[in-house]
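Residue-level structure breakdown
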Amino acid sequence: MAYAYLFKYIIIGDTGVGKSCLLLQFTDKRFQPVHDLTIGVEFGARMITIDGKQIKLQIWDTAGQESFRSITRSYYRGAAGALLVYDITRRDTFNHLTTWLEDARQHSNSNMVIMLIGNKSDLESRREVKKEEGEAFAREHGLIFMETSAKTASNVEEAFINTAKEIYEKIQEGVFDINNEANGIKIGPQHAATNATLSGSQGGQQAGGGCC
Amino acid sequence: MNFLRGVMGGQPAGPQQSGAETIQKLCDRVASSTLLEDRRDAVRALKSLSKKYRLEVGTQAMGHLIHVLQTDSSDSEIIGYALDTLYNVISNDEEEEQEENSQKEAEDLGSQLTDALINEQENITLILRLLEEFDFHVRWPGVKLITALLKKRCGPVQGIILVSPMGVSRLMDLLADSREIIRNDALLLLQQLTKGNAAIQKIVAFENAFERLLDIISEEGSSDGGIVVEDCLLLLLSLLKNNSSNQNFYKEGSYVQRMKPWFEVRDDNSGWSAQKVTNLHRMLQLVRVMVSPVNSPGAISSCQKAMHHCGLLQQLCAILMATGVPADILTETINTVSEVIRGSQDNQDYFASVNAPSNPPRPAIVVLLMSMVNERQPFVLRCAVLYCFQSFLYRNHKGQEEVVSTLLPSTIEASSITAGQLLCGGLFSSDSLSNWCAAVALSHALLDNPAQKEQLLRVQLATSAGTRPSPCCSSAPTSSPRAIRSSAGPSHQNVSYLTGQISENQGEDERLVQGLCALLLGICICYNDNSLENHTKEKLKQLIEKRIGKENFVEKLSFISKQEQYSRAAHQPQPTGPTPEHMLFDHQFTKLVKELEGVVTKSVYKSSEEERKEEEVKKTLEQHDSIMTQYKELIREQDAQINELKEQVVSLSSQSEQMKRTVAQQVLQIQQHRDQHSILKLKLEKGSQQAGGQGEEAQMNGLQREELSRLREELQELRGRSARLEAELADRNAIITSLNSERAQTVNGLENNAETLKELEALRSRVASQSTQISQLQAEKQDLLKTAAQPAKEAVDPAASDLQSLLTAQTQESQRLKEEVRRLAESGAGAERQLASANSSVAVLEAERARLQEELAESRKEQDDLLMLLADQDQKITTLRSRLKALGEPIEDEDDLDSQDQGDDDDDEPDDD
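Residues numbered from 1 in each chain as written. Chains lettered and ligands numbered in written order. Predicted model: local features only at pLDDT ≥ 70, side-chain atom pairs only at ≥ 80, totals over all residues. Heavy atoms only, no water.

This next bit is on the overall build of chain A. Summing up its helical and strand segments, chain A has seven helices and seven strands in all. Shown N-terminal to C-terminal, the secondary structure of chain A runs as helices and strands in the order β-α-β-β-α-β-α-α-β-α-β-α-β-α. The proportion of buried residues among the 212 residues of chain A is 52%. When the accessible surface of chain A is summed, it comes to about 9,800 Å², and 48% of that surface belongs to carbon and sulfur atoms. (Helix = DSSP H or I, 4+ residues; strand = E, 2+ residues; numbered from the N terminus. Buried < 20%, exposed > 50% of the residue type's maximum accessible area, 1.4 Å probe, protein only. Areas by Shrake-Rupley, 256 points an atom, 1.4 Å probe, with all protein chains shown as cover.)

What follows deals with the overall build of chain B. For chain B, the helix and strand inventory stands at 39 helices and two strands. Carbon and sulfur atoms provide 51% of the accessible area of chain B, an area that totals close to 46,900 Å².

Take a negative patch on the surface next. A cluster of acidic side chains, namely Glu 615, Glu 616, Glu 622 and Asp 625 of chain B, defines a negative patch on the protein surface. Relative accessible area serves as the criterion here: at 48%, Glu 622 of chain B is assigned to the partly exposed category. (Patch = residues over 30% accessible without salt bridge, like charges linked within 9 Å, V, L, I, M, F, W, Y side chains within 5 Å. Salt bridge = Lys/Arg side-chain N within 4 Å of Asp/Glu carboxyl O. Lys, Arg positive; Asp, Glu negative; His and termini not counted. Charge placed at Lys NZ, Arg CZ, Asp CG, Glu CD.)

Before going further, it helps to spend a moment on helix H15 (residues 244-252) of chain B. In an α-helix, one turn spans 3.6 residues; hence positions three or four apart end up facing the same way. Regarding H15 of chain B, the residues found buried are Ser 245, Asn 246, Gln 247, Phe 249 and Tyr 250 of chain B. In this fold, the buried residues of H15 of chain B make contact with strand S2 (41-50) and strand S3 (53-62) of chain A together with helix H12 (198-206), helix H13 (209-219), helix H14 (227-240) and helix H16 (274-291) of chain B. Among the residues trailing H15 of chain B, Ser 254 of chain B stands out with phi positive, at a value near 60 degrees. (Contact = heavy atoms within 4.5 Å.)

In this assembly, 26 residues from chain B lie in contact with 27 residues from chain A. Joining chain B to chain A, the criterion identifies five salt bridges. In this structure, Glu 42 of chain A engages Lys 202 of chain B in a salt bridge whose closest nitrogen and oxygen atoms are separated by 3.3 Å. Mapped onto the side of chain B that touches chain A, the elements with two or more residues apiece are helix H9 (154-163), helix H10 (167-173), H12, H15, helix H35 (608-689) and helix H38 (803-887) of chain B. Looking at the side of chain B that touches chain A residue by residue, the classes come out as 11 nonpolar, nine polar and six charged. (Nonpolar A, V, L, I, M, F, W, Y, C, P; charged D, E, K, R; others polar.)

Within this structure, the stated rule accounts for zero disulfides over all chains. Here Cys 317 of chain B is not cross-linked by a disulfide; its sulfur's nearest cysteine counterpart is in Cys 388 of chain B, at 7.9 Å. (Disulfide = S-S within 2.5 Å.)

Once that is clear, we can look at the pattern of salt bridges. Residues and elements named next belong to chain B. For the structure shown, the criterion picks out 38 salt bridges over all chains. Residues Asp 115 and Arg 153 are paired through a salt bridge, measuring 2.7 Å at the closest nitrogen-oxygen approach. Within this pair, whereas Asp 115 is found in helix H6 (residues 100-118), its partner Arg 153 is found in the loop between helix H8 (136-152) and H9, the two being separated by 38 residues in sequence. Asp 115 sits in the partly exposed class, given a relative accessible area of 30%.

Moving on, we come to the packing of helix H22 (residues 379-393) of chain B against helix H25 (residues 432-446) of chain B. All names here are of chain B. H25 packs onto H22 with a crossing angle of 10 degrees between their chain directions and a minimal axis gap of 9 Å. Relative to H25, H22 is oriented roughly parallel. Across the interface between the two elements, Phe 379, Arg 382, Leu 386, Phe 389, Gln 390 and Leu 393 of H22 pack against Leu 433, Ser 434, Trp 436, Cys 437, Val 440, Ala 441, His 444 and Ala 445 of H25. Split into classes, the residues belonging to the contact of H22 with H25 amount to 10 nonpolar, three polar and one charged. (Axes fitted to C-alpha atoms, helices over the stretch in contact; angles between N-to-C directions. Parallel < 35°, antiparallel > 145°, perpendicular 65-115°, else oblique.)

All right, on to the packing of helix H7 (residues 121-130) of chain B against H8 of chain B then. Residue and element names in this part refer to chain B. In contact at an axis separation of 9 Å, H7 and H8 are set at 145 degrees when each is read in the N-to-C sense. For the element pair H7 and H8, the recorded crossing hand is left-handed. Counted together, Ile 124, Ile 127, Leu 128 and Leu 130 of H7 and Val 138, Gly 142, Leu 145, Ile 146 and Leu 149 of H8 form the full contact between these two elements. A class-by-class count of the residues in the contact of H7 with H8 yields eight nonpolar, one polar and no charged. (Left-handed = near helix turned anticlockwise from the far one by under 90°.)

All names here are of chain B. Relative to the assigned elements, Leu 237 resides in helix H14. Along the backbone, Leu 237 and Met 290 are 53 residues apart, and their C-alpha atoms lie at a distance of 9.7 Å. Apart from the residues within four sequence positions on either side, Leu 237 is in contact with Arg 282, Gln 285, Leu 286 and Val 289.

All names here are of chain B. Of all residues in chain B, 79% attain a pLDDT of 70 or more, and the chain-wide mean is 78. By mean pLDDT, the top-scoring element of chain B is H14 (95), and the lowest-scoring one is helix H27 (residues 469-474) (34). Below pLDDT 50 for its whole length, residues 461-491 participates in 45 contacts with residues either more than four positions away or in separate chains. Every residue in residues 896-913 scores below 50 in pLDDT, and together they form 13 contacts with partners more than four places removed in sequence or on other chains. Taken together, the chains of this predicted complex give a pTM of 0.66 and an interface ipTM of 0.84. (pLDDT = per-residue confidence, 0-100.)

It is worth spelling out the pairing of S2 of chain A at this point. Residues and elements named next belong to chain A. Among the 10 residues of S2, eight are classified as buried, and the element is accordingly described as predominantly covered. In the sheet, S2 pairs with S3 via 10 bridges, with the strands oriented antiparallel. Across the sheet, Val 41 pairs through a bridge with Thr 62, a residue of S3. In textbook terms, the turn of a hairpin is the stretch between consecutive antiparallel strands, and for S2 and S3 this stretch comprises two residues, one of which, Asp 51, has a positive phi near 55 degrees. (Pairing = 2+ DSSP bridges.)

As a further point, take helix H33 (residues 564-571) of chain B. Residue and element names in this part refer to chain B. Within the span of H33, buried status applies to Gln 565, Tyr 566 and Ala 569. Taken down its axis, H33 places every buried residue within 105 degrees of arc, on the same side. In H33, the exposed positions that point more than 90 degrees away from the buried face belong to Glu 564 and His 571. For H33, the secondary structure elements touched by its buried residues are helix H32 (550-562) and helix H34 (587-605). (Arc of directions from axis to C-beta.)

Counting 180 residues, the largest nonpolar core has Ile 161, Leu 236, Tyr 250, Trp 262, Phe 263 and Phe 351 of chain B as the members making the most contacts within it. For Trp 262 of chain B, the residues in contact, after removing those within four places along its chain, are Leu 214, Ile 217, Ser 222, Ser 223, Leu 233, Leu 236, Tyr 250, Leu 280, Met 283 and Leu 286 of chain B. Ranked by size, the runner-up nonpolar core spans 33 residues in total, among them Phe 7, Cys 21, Leu 23 and Ile 59 of chain A. (Core = buried A, V, L, I, M, F, W, Y, C linked by side-chain atoms within 4.5 Å.)

As a further point, take the pairing of S3 of chain A. Regular strands show a simple pattern: their side chains alternate between the two faces of the sheet. Residues and elements named next belong to chain A. Of all the 10 residues making up S3, eight are buried; the element is thus mostly covered by neighbouring parts of the structure. Here seven bridges tie strand S1 (residues 5-13) to S3, and the two strands are oriented parallel to one another. Looking across to S3, one finds that Ile 10 is bridged to Trp 60.

The next subject is the packing of aromatic side chains. Taken as a whole and judged by the stated rule, the model has 21 aromatic pairs over all chains. With 5.6 Å between their ring centres and 45 degrees between their planes, Tyr 250 of chain B and Tyr 255 of chain B make a pair best called tilted. When sorted by exposure, Tyr 250 of chain B lands in the same class as Tyr 255 of chain B, which is buried. An aromatic cluster is defined as three or more aromatic residues linked by ring pairs; in this entry it consists of Phe 43, Trp 60 and Tyr 75 of chain A together with Phe 206, Phe 210, Phe 249, Tyr 250 and Tyr 255 of chain B. Lying over the aromatic face of Trp 140 of chain B, Lys 144 of chain B brings its terminal NZ or CZ to 3.9 Å of the ring centre. Taking NZ or CZ as reference, Arg 179 of chain B lies 3.8 Å from the ring centre of Phe 134 of chain B, over its face. (Phe/Tyr/Trp six-rings, centres within 6.5 Å; stacked < 30°, edge-to-face > 60°. Lys NZ or Arg CZ within 6 Å of the ring centre and 35° of its normal.)

Residues and elements named next belong to chain A. Mapped onto the elements, Lys 19 comes out in helix H1 (residues 19-28). Asp 61 provides the closest opposite charge to the buried, unpaired Lys 19, separated from it by 5.7 Å. Separated by 2.9 Å, the side chain of Lys 19 and the backbone oxygen of Gly 13 make a polar contact. (Polar contact = N/O pair within 3.5 Å; in protein donor to acceptor, adjacent residues only side chain to side chain.)

The next thing to look at is a nonpolar patch on the surface. There is a patch of nonpolar side chains on the surface, built from Ile 627, Tyr 631, Leu 634 and Ile 635 of chain B and spanning about 400 Å² of accessible area. The residue Leu 634 of chain B is located in helix H35 in this model.

Quick look at the confidence of the model for chain A now. Summarising the model, chain A shows a mean pLDDT of 86, and 89% of its residues fall at 70 or more. This model gives residues 191-212 of chain A a pLDDT under 50, and the stretch forms 16 contacts once residues within four places in sequence are excluded.

Glancing now at unusual backbone geometry. All names here are of chain B. Within the chain, Asn 208 stands out as a residue other than glycine whose phi angle is a positive 65 degrees. Despite not being glycine, Asn 242 has its phi angle at roughly 55 degrees, a positive value. Here Asn 242 lies in the loop between H14 and H15. For Asn 242, a relative accessible area of 68% gives the class exposed.

Rendered as structure tokens:
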């Protein structure tokens, strides 16, 4: 399939916060309630549209466990976007964000767009981290923020697409060197967009215009 | 390092002793020299000794060399020597000793030195860091050293590289090195690095390995390329094999499509070098890795789809039908096609449509089957064809039906060879492999397809009832439980043959046959519907108990799965084996046996009492089930209905929403049209007040009319003046004629005046036509006014309850209104056109008028001339008169005439200006 740009993403965060579920919901539009531990890294892909342009997202879902940390570090360098996920029902996952962020900032290229995600927003009764806290953390560290639910699919699309929008804007501003593939961005084969849509009312207006 | 010396000690004395001493001295120099040059020389010397004295250099110098790597990294030369030295002691690529013993020793030495080196993780990290140095003398030995370390101790070194920051990424960057020798050695390094390590494979893939490798392959000429292409392909295989994540990435990255050009094999038979054959083998393997039956079904089918869509499958089929393709490539291509089509209806349909370029064209399937039942074809090729045929029929009811239909008597055509004919031929051939292949092929035509089983049963009973038992048992049975039940059932002969075979105490060789007979008999019991009196379940069981014994029967039954070939066939769907004798079991058959073994054993052990009870329970359960099914069906139907209704509601409400919008839109449009109408009407009325015509037009017409009337007035005036002049001239002429000969000039002037008059006449006629046009326009305006005045009918009936009818009415109404508006627009345009033409004629008129005015001016000038002339003549007359006076002639009235003339001229002058 032809695309205008290809973005590479990684999903990071503590184990069990729902990284794989977010990916599954985004790529397959389904939810897997059983926690199946990710080994190393898994891959998923989907096409989205921004500003009338087809954009291909290649997403690497990493293992959250500490033992895989050294492996997942290898993925920071080549990614254009990162979803940093915590679980709103587990404060410890929120507390670990600083470590994750340091790790990401240290190993990634400086332009990588990071989206902070508070997942499991459907479990309101068990909430331990207030939405305001997430917002404050994001503001403090210059991240975009969103609360999502991989289970109900709430905000999942938006999380991935808004990150892509941010990257796209950075490209437009010339911040990213798109010719260097190590930035996690690739330009697709050239393709022309077609937008020939005529609404029915236009015909009537034209007939009226001829009268005067 | 001391322990190494201990392990490797006890070497014979002699030249090595001195070697060891030299090395010790060199090591001391490396350690103690303060001058870089001295150290460099010493390391260079160590390097030159490192191949011959591996043990000594390895044990004594390693520590010093690593220290050099740590401290002298600014000097690429010494680093290069140090890396080379380490490489030489660790690898034994260029070992001179040929003896097996010393070879093994050298291997051990390399491994132990590797252990010593990697004992400190830091050392690997250090070497990885040195690889960032671009200098060839550092990078190249660095790459070779890491490759050698990986070869010696793959797992541990992989582990260290994996946890070193950016370790894998750094090694991947080497692929982009512009120096081919480094890029090529990096390929070898990555092959070792990715071996059996999924985590590293994924990182390498993440670092754009697929893109780079495919680029290198095409740069190097694809299959025509050298060993570098093979190395790339090996690395790709290593990245993809058993790594579903990477396979998914490969597919998502549209890299499958890039494999298609690899198989564009030209028809010339010249270019089949050994390297090309190897490359193509690897390429075919790569395709197979992507669609291997061990992958997840979803992944397989999406890859198969992509391969058909991009033309890869078509390309492979072209190779099948091409000439001059080496047999082993052909065989592997058949295997590859098998897996590309296996279970994919689209690909299977395409495969069925492929024709061999023979005359007349034959289906590729038929041509392949001909090879399968041909004894002279290579064994592996025949197995490949069988696999291909099985894959073609796998989950392909359409294909199964087509094959079976060629076996039915009614459809067999004598003129062409069919798959059915070839299979029958194979079944009854004297070649046992043909028997086996044909039987297995046929069994796949029936697999999971009850309808075809019934069909084929009809054929076999009709054609070969007598000869069946032996091929059925000696080759792996084409087992279909139902078919065997109904075929073994009726024949008493068959059952006694089976029991005879099982009960005999035969040798090892016959164990399999006994097992198969037991299986057959077991099937006869399990799937027995007790419809035949002589062979009810009960009777067959009694037979087993009496003639064979239950224990004995079950033991015989278990013989099948104890066969070596059984476990191999159970392993994978592709039929393989070293020799034709090994081809005993089909993959699907092993599945069947696994399933049936337990069932048969259970049913043989069960007493009739239990069985009856079970039967009853089953029956009630079935009843239950059937009731449940009924209810489920009902619920499903209702569900479907509800869904349908819901959909209807949704679509209706969306329709109504849309209609409402349309209505609103149309009301708006109608309102617009009304407004336009009233504007038109207003304009038309205004126009008619101004003697017809619309706004501007009327004004234009008015202007024109004014102009015309002015022209007319002027003409009138001119005409009057001309008349007067004529009269004067006539008067004067009369005088002049009577007076002198020069009056001829005056006559000329008069003629000129007549011309002007003619032109004026023409102008007048034009003006007349203009006014008729104007009156035409006025009439049209009148028409327009009439049409516009027709009131627009009421479009919307607010009281109408039915939305649909309202909409229709309104649509029609608006249609009609639009029509009217269009017509109005058209006539408006017509009027505009006419107006334009009128304007243009006005312009013509105006030009005419200008010309006339010019002419008028001219004629006036002429009149002036005439007046001058007259004055002259007057003068002359006066002179003449005075002369006459002088002569004494009496004169009358001349003064009066003169003064009158003068006054006339004075009157004219201001008028003209």
